[in-house]
Each structure stands twice: as structure tokens, then as C-alpha cells.
Amino acid sequence: MGSFKNSIFILVLHLLEGALSDSLIQLNNNGYEGIVIAIDPNVPEDETLIQHIEVSLKCSLHFGETPPLVFLCEQNPLSQFLNTCFSRAVRKDMVTDASPYLFEATEKRFYFKNVAILIPENWKTKPEYVKPKLETYKNADVLVAEPNPTGNDGPYTEQMGGCGEKGDRIYLTPDFLAGKKLPQYGPQGRAFVHEWAHLRWGVFNEYNNDQKFYLSKRKIKPVICSAAITGENVIQTCQGGSCVTKQCKTDRKTGLYEEGCEFIPHNDSQNDKASIMYSQSIHTVVEFCKEKNHNKEAPNEQNTKCNLRSTWEVIQDSEDFKTTTPMTTQPPKPTFSLLQIGQRIVCLVLDKSGSMTIGNRLNRLNQAGKLFLLQTVEQGSWVGMVTFDSAAYVKSELVQINGATERDALTKSLPTAASGGTSICSGLRSAFTVIKKKYPTDGAEIVLLTDGEDNTISTCFDEVKQSGAIIHTVALGPSAAPELEELSKMTGGLQTYASDQAQNNGLVDAFAALSSGNKAVSQRSIQLESRGLTLQNNQWMNGTVTVDSTVGKDTLFLITWTTNLPQILLWDPSGKQQDGFVVDTNTKMAYLQIPDIAKIGTWKYSLQASSQTLTLTVTSRASSATLPPVTVTAKMNQDTGKFPSPMVVYVKVHQGTKPILRAKVTALIESVDGKTVTLELLDNGAGADATKDDGIYSRYFIAYDTNGRYSVKVWALGGVNTASQKISSQKNGAMYIPGWIENGEVKWNPPRPEVNSVQDKQVCFSRTSSGGSFVATDVPKAPIPDLFPPCKITDLKAKIQGDNLINLTWTAPGDDYDYGTADKYIIKISTNILELRDKFNESLQVNTTLLIPKEANSEEVFVFKPEAITFTNGTDLFIAIQAVDKVSLKSEISNIAQVSLFIPPEIPPEKPSPSLPCPDISINSTIPGIHILKIMWKWLGELQISLG
């Protein structure tokens, strides 16, 4: 464990260029280090849960034979195998079981080297628990949390990006870890490798819960990979407590199997080794699908998102694969650290150099600093303060926040005068000293704000790395040191930027974003609103803020101004005007803290002023520790944008782990010159958005106007169009096993619970969140050339319509990625899926003369009849689209859609039943019973012959 703690310093030395990730994972000599598994603070304390993270099956693993990895107890039927093995459970780590499985599956390239388990602060302390350094809930790679909604215990991975892009986080539940879901998902170690492939290499599932079968060459085939996996197509029907398994019937209209049909793999006679992304729970499956055995026709997410490439081909393209070679020895077992969250320790390091007098910066710092001290920082935290110019000054030693007294005292330590030069390292070293007087610097946080250049900042990089502290950076104005972000990169801190445009409220937003990464979400400050406006001639700034049922505790309204106190009017949802604002004329701010829980509903405000800029900020906390609040988190796909490559804005709108759909989400992106661009973000599964209706809203950003820093701020509003939906399965997770075939008999699992998460009431809420900052490079001087093609079409669908017509639907791309209107479409067809992919330009083109592109993100519909291809019963046809813009730039080729022409067989006319004389058998007949049966059999035989 000690070696892991020491090696954490090494993990942050390698800074990813461009890619933005909170994860601490590093690949070192084929081994993954720095993996963080966090137990959610809302999980009830249970010692066995930690053990379950370290518990797996007794069944040992054997390598080197055919198949190369088998369970030694596999000779038992599956149900006996699972029950027997689990009853003989010993404490073996899930990751330890997963490591050799991963090692063999990746041809001896990768294994798990060390893992940190993050234990909540509210659990009992133990001597073996040590303090975290850079590990936090925000950068956890795996989160163990109660299912939300209840019953949804399947492991899954959140993936915001596309094929080959790293995922964000793996989600596991306590019941899954405890082995209570073994029949449904198989051994936990194997499922963990499935999720790891989602997380680390950006591959996708090779099954499809929405379409389990497809037609190919007039045959019905299951959506599996590889196609060599054997099984039966069966359906279970239940009535009155009795269930019967039958072979699936073919639907005469579609040519596919009837609804409810399942492909059940054989368990005792399976030989195929692939694929882990289809069903790692099949005991012979020990490989990822490769190019030679990949089922390219199967309509699954892997084929749709990865251009028909196998999972192994995508893994081979990863940086992990390119920077490693196979090992010649067996890897060591993983090592583990048990880390327990402690009290939050924060030291503010604030620039008071002469440049802070520009643009009212010092006063704005005081306004933002007071918000942080009065509201954002959590009760029980320890807070200190250091200011610096060319030297550093301790303004406050660490003080524990127990109430308003400590908060007010700290606000009085904020700097009120500015002069001198800029020595960032002096401020950091002084902060380390302040922290060390009470606690080690491991895991402590430093909030560093500066507006000036400092060419000596790199001289303390080594001290920062060795400190184990997390540094959050706030760059203020256009001249802040360009090396500033390196400090947050190397320590896992948040990086933000605020311009001198006060109406954008950037500095307040940056400090409002600094809630603890390790506290329960119910304790964190949540920003409901952030607005600003420059008013003239007694103009009014009017608006509303929605306080929903998930928040309302510790609600604070904060108003700032630049010259004179404005008129402030505020009404609660009942129409009662609110009084009692605390006015600070020196700092030019006023605030009102609502006692207890703020009333649910719409709060109205009106602010009046002349010739000055006003801002309004509203923050709150969760109304209950048991009701998850609606949260909004924003991020960019990279921390550096290199023109003309687009950036992508991602905003996650969730309540717990449940997605909030159809919210109105917008992003404001501000350049270093103060210019702003507003984007509407979408959750439509098109353009930059990877998955439809997952509560993650996305959009491309291409409106570069200069080199330098850009800030990101988002709003999310819920109203009449907002809803949750029924979640039957996770998009990117291990497959729920419907059943197995053992000794010719189907062993069914219980049906996956239908999880209904539809909310009884409409979801009305308002949220604001900072998305941090990024840096743009290589932006040419105006006019900016048009180097942006239309974005790739990712949701092309095709179906047969009427007289052998083909109906296509897709979401329109734009002239520039997902903005504007494309100039035209090129549609190509082929009866060979690989020829269409690899020889698109040579494939047969469809006449699209009458197809006029719509504006980006509109639904497109196009119907055509194949003319040059003989389209007969059983023909498989593959279709793809390319969009072209007005300067002839072309998009990537779309996903490939498939149709199979199925002409239902004619139903023969019914023949009239012949009239046959009934045998002369009366009740009083003296014919013995056996003779009666013979007569009946003879009569039935004659009837069968006549129906012939």
C-alpha cells in the first residue's frame, strides 16, 4: 500500500496533451495504475461491501489450454456452478480476478497494477484506512452506488464520446458486488473487463436489446459476435404460474421472429472464444472480436459507431496499444489501498499585485471570495488564506467553519488593496506552510487566483507535485500566466477562466464551482442561476428562478453592482416580497439567505439601475439527504482546441444516476477578447451527441475568434417538455443474460425488472454550472477560413415501404459540422457491406436531385426505389450517406443502414372440410372400450387423408 501512495506522484507527471480527463489512471509498463473505486457516501455503511470489492469466486482460473481460460468447476450445470462456487467464496479481489482475464484477452499486453478504494467520510475510521492524496469522487473511475431507479443493478459505463474515445465512469451497485446478480451478469471480474473496455478504449456493445434478430441472405440471425456462438431461438410463455419454453415462430409480415423471442446460448457445448463485448459471461469467451471473426452485419452499437470495425481493431488504434508490447512473463497481482475521506482543507491563494486594480478586479475578487466563504465551502471544512504580490502574506491560518462567525471572520481577511509584482510560487509555498501547521498537505486543496504573468512559476512545479495537494486555478483577465493550467493539470484540480466582462459573472461562477469533490451531493452547493446585465437610464433587469423540490436548503440570493446600490425587489412563489438583504457598500454586493427550506416554485426578481453592470447569483443545497438533487455538470472534450478541429461541449443533467430528458440546455463560451457565443445543446444522438436520451447534452464548438483562453458556462432549464423515461437497460453495459441451455434444457433467468422512472410530476428546475476553461491554438487572423465540413450522420435508418420502396430517415448535419444547412447529399447503395464502406465513391449512387437538405438537426426523410440493383425477395441492401457543404467539403461517411427485402408468402386458400359419417357408436353400445378407440383412430386417419 505504501508503494502505491508514493507512486501517486509519478502518475501526474505525464500530462495528457489535449485530452481532458479527470482520471488519475496511467499505463506504466503494461500495468494500469491509479484506478480509483469510490463508494458513494449515500451507500449505508457495510464492512462487507469493502470485502465484496475484494471478494470474488473461489473457482480458479486456468491458462494455457483450449479454451485458454476456463473455470475449473465448469463441468457443473450453470446453476450448480454459480451456487457451488459462491458458497465456497473466499476473499479474492474482483480486480485480481479481472486482471489475468484482461491480460489474456489483450494478448498479454495489459493488467491491473494498483487500485485505490475510496471510503466515505461518514463511515467508521480504521487504522488501515489512510488519507487520500489526489483521489476524489470527482475523479473516481468506478462508483459504487445504490441503483437509481431501484432494481437496475446492471454494471454500466457512461460514455459521452464516440468510437475510440475514453468513457467517463463505470457504475456498480452493492448487490452486483455482493454476487447477488451472478446468474444475470456472470462473474464480477469478467463483467469488470467488459466495462473497462468501454471506459478505457471507447468500444461499444455487440448485442442489441432493441433489435435482437436481423435478416441476412433470407435467414434470421441473432445479433451476436462472433457469429459462431451457438444457441437456440426460443420464447417463454407463462400463464397461471406455469411457464413453457417453445421454439420461436416467424412473423409472416416481417420475416423475423415473434416479439419476445430470445437467443439463448449453449453453456455445455460452446466452443467459440469471442466476444467479450457481446457476452463475457459465456465461459469459453476469452477474447475480443477481431477482424477475422467480427460479425459486421449485426445491427449493434459497435458496428454503428465504429464503422463496422471489430472491438480489437479499435483497441489496436488506442494509445495504450501503440505504446506497449506483449509481456513475456505473467503479471503480478494488483495491490490495493484503502483511503478514507477526511475533513476538507482549503487554502485560498489570492493575487493582490498591482494589475488587480485594472477593471475593478480586486473588488470582483472580494465578491466571488465572499460567495465561496459564505456559501460554497461546506460546514466543518478548514479554511486558510494567503495573499501575494512579489511576496506572500498569511491573512488567516486554518480555521474550521462551524457557523456564521468563522465565515464572517474569513471574509474580513480578503485583500482590499493591490500593488506590487507577481510571485505565484511564493503564494503556493506559503499555503503549504499554513496547511502543514495542522495537517499534511496530502489531499488538501489550494484555490489559486491570479491575473498576472510570472515567468518563474515553473520553479515550484516539483514542490507542487511532491505536496500531494490539489490546486484549482482561476485565470483572471487576458494576461494571466500561460503556465497556470499546468498546476491544475498535474494535481487534478479544476481550471477556470474569467474575463474582465463583469456582466458575464465569470469570477463568481468560478468560485461557485469549487464545492467539495468528496462530500455527499446533498452537502454540496448547487448554483441555480447566474445572470448579468449592463443597464442604462433606470432600466430593469427582470427574471425568475425556479426552486424545485430537490433543493431549497441554505438558499442564497447574491446581487453585485459596479457603482451604486440598485433597487432590489424579490418575491417568493406566494407573491410575498422578501426583505432583509445584507448590503455591503464597500464590496458592492448584497445578499439574502433564506431560512430553513426555500419555498418550492418560481421566485421573481427585478433590479433597477443606471449606467452600471449588475449580476445576480442564486445558490442552494439539496432539500434532503435521501432525495437526490437535479445536478448539472459540464465539461469540454479537450483542454486544448487546435484550429480547425472542433471542440465538444458536454453537459450531464441527472437526478442521481437517472437522466433528465428534454431539458433546455445552453452554453455560453467566452473568448479571451470577451466575445461570447451561445450554443443550444442537444440530446438527440446526432452530431456531437453520442447517445440519444441519456441525459447528456452535446454540441460542437467551432466559433474560434482568437488564440488563448475560453471560458464555458451552461444553463439548464426544466419545464413542460422535461421528463424522465422508463429505463429498461443501460446503453453501455454488460448484457443481462436471459438464460442458458444446459443438457438440452433452457434455464431461464427471471425477466429483467421493468424499471419505470417516469416522474409523476413535470420536472421544473433551473441550474447554472461552470464548464471550466480551454485554450485555443493555431487560430488564423480574421477572416477565419471555412475549413469545417458537415458532421458525420450517425443515426441513418432504413426500412422497406410499400412497392419495394426504401424509406430513409436521419438527422440533418449542417454546413459546418452541426450548424447551418448542408448543400447536398450523396447516397450510395450496395449489396456488399464492406464494398460500400471501403469503396464508397465507386458504389452505385442514388438519384437525389429532389432531395434538398434541411437545417441542421432537422429530421430528414427520403424515399427511393433501387433502379440498377435487382431487388428481389431476400436481397440485402446496404445504404450510406455523405453530406457536402457549399465549398465542397465532405462529411465522413455515415453509419451504414441495412434493409432486407422480405415478401411474405401467399396464404393458400382454406379447403372446405369434408363431411364424414360419424361412427355408429351409441351410449348403449356393447362394443368394448378398446374397440371404440380403434374405431376412433381409423376415423381420424381417414379425416387426415381427406385433408391431405
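Residues numbered from 1 in each chain as written. Predicted model: local features only at pLDDT ≥ 70, side-chain atom pairs only at ≥ 80, totals over all residues. Heavy atoms only, no water.

- The name recorded for the protein chain in an unreviewed UniProt entry is Calcium-activated chloride channel regulator 1, from Muntiacus reevesi.
- Per its UniProt entry, the protein chain bears the Sequence similarities (unreviewed entry) comment "Belongs to the CLCR family."
- Among the UniProt annotations of the protein chain, the heading Subcellular location (unreviewed entry) holds the following wording: "Secreted, Extracellular space". (UniProt positions renumbered as here; feature names shortened; annotations may be inferred.)

**Some remarks on the sheet that holds strand E25 (residues 551-561)**
Strand pairing within a sheet occurs via backbone hydrogen bonds; the two strands may be parallel or antiparallel.
And step 1. Spatially, E23-E30-E25-E28-E27 is the arrangement adopted by the five strands of the open sheet, whose pairing is antiparallel. The two strands at the open ends of the sheet, each matched to only one other strand, are strand E23 (526-535) and strand E27 (582-584). Strand-to-strand twist of the sheet, defined as the mean angle between neighbouring strand axes without regard to direction, takes the value 15°.
And step 2. Strand direction decides the pairing type here: E27 and strand E28 (residues 589-593), joined by three bridges, are antiparallel. Residue pairing in the sheet places Val582 in a bridge with Tyr591 of E28. (Pairing = 2+ DSSP bridges. Helix = DSSP H or I, 4+ residues; strand = E, 2+ residues; numbered from the N terminus. Axes fitted to C-alpha atoms, helices over the stretch in contact; angles between N-to-C directions.)

**Overview of the sheet that holds strand E43 (residues 805-811)**
And step 1. Across the sheet, three strands lie side by side as E42-E43-E46; this open sheet has antiparallel pairing. Two strands bound the open sheet, and with one partner strand each, they are strand E42 (797-801) and strand E46 (859-864). Averaged over all pairs of adjacent strands, the angle between strand axes in this sheet comes to 20°, irrespective of strand direction.
And step 2. Here six bridges tie E43 to E46, and the two strands are oriented antiparallel to one another.

**Re the nonpolar core**
And step 1. Core analysis: the largest hydrophobic core is formed by 65 residues, its most contacted members being Tyr32, Phe112, Phe192, Trp196, Trp201 and Phe288.
And step 2. Ranked by residues supplied to this core, first place goes to helix H7 (residues 188-201) with seven residues.
And step 3. Lining this core are residues from two domains, each supplying at least three of them: domain 1 (18-55 + 92-205 + 300-342) and domain 2 (214-295).
And step 4. In contact with Trp196, not counting residues within four places along its chain, are Ile25, Tyr32, Ile35, Leu102, Phe112, Ile170 and Trp201.
And step 5. With 38 residues, the next largest nonpolar core counts Ala634, Val653, Ala667 and Cys791 among its residues. (Core = buried A, V, L, I, M, F, W, Y, C linked by side-chain atoms within 4.5 Å. Buried < 20%, exposed > 50% of the residue type's maximum accessible area, 1.4 Å probe, protein only. Domains from an automatic or database assignment. Contact = heavy atoms within 4.5 Å.)

**Here's the deal with the pattern of salt bridges**
And step 1. Within this structure, the stated rule accounts for 39 salt bridges.
And step 2. A salt bridge links Glu297 to Lys217, with the shortest nitrogen-to-oxygen separation between them at 3.7 Å. Of this pair, Glu297 sits in the loop between helix H8 (276-279) and helix H9 (301-305) while Lys217 sits in the loop between strand E11 (213-216) and strand E12 (219-222), placing them 80 residues apart in sequence.
And step 3. Residue classification places Glu297 among the buried residues on the basis of a relative accessible area of 16%.
And step 4. On the basis of relative accessible area, Lys217 is assigned to the exposed category, the value being 56%.
And step 5. Between Asp639 and Lys489 there is a salt bridge, with its nearest N and O atoms 3.9 Å apart. (Salt bridge = Lys/Arg side-chain N within 4 Å of Asp/Glu carboxyl O.)

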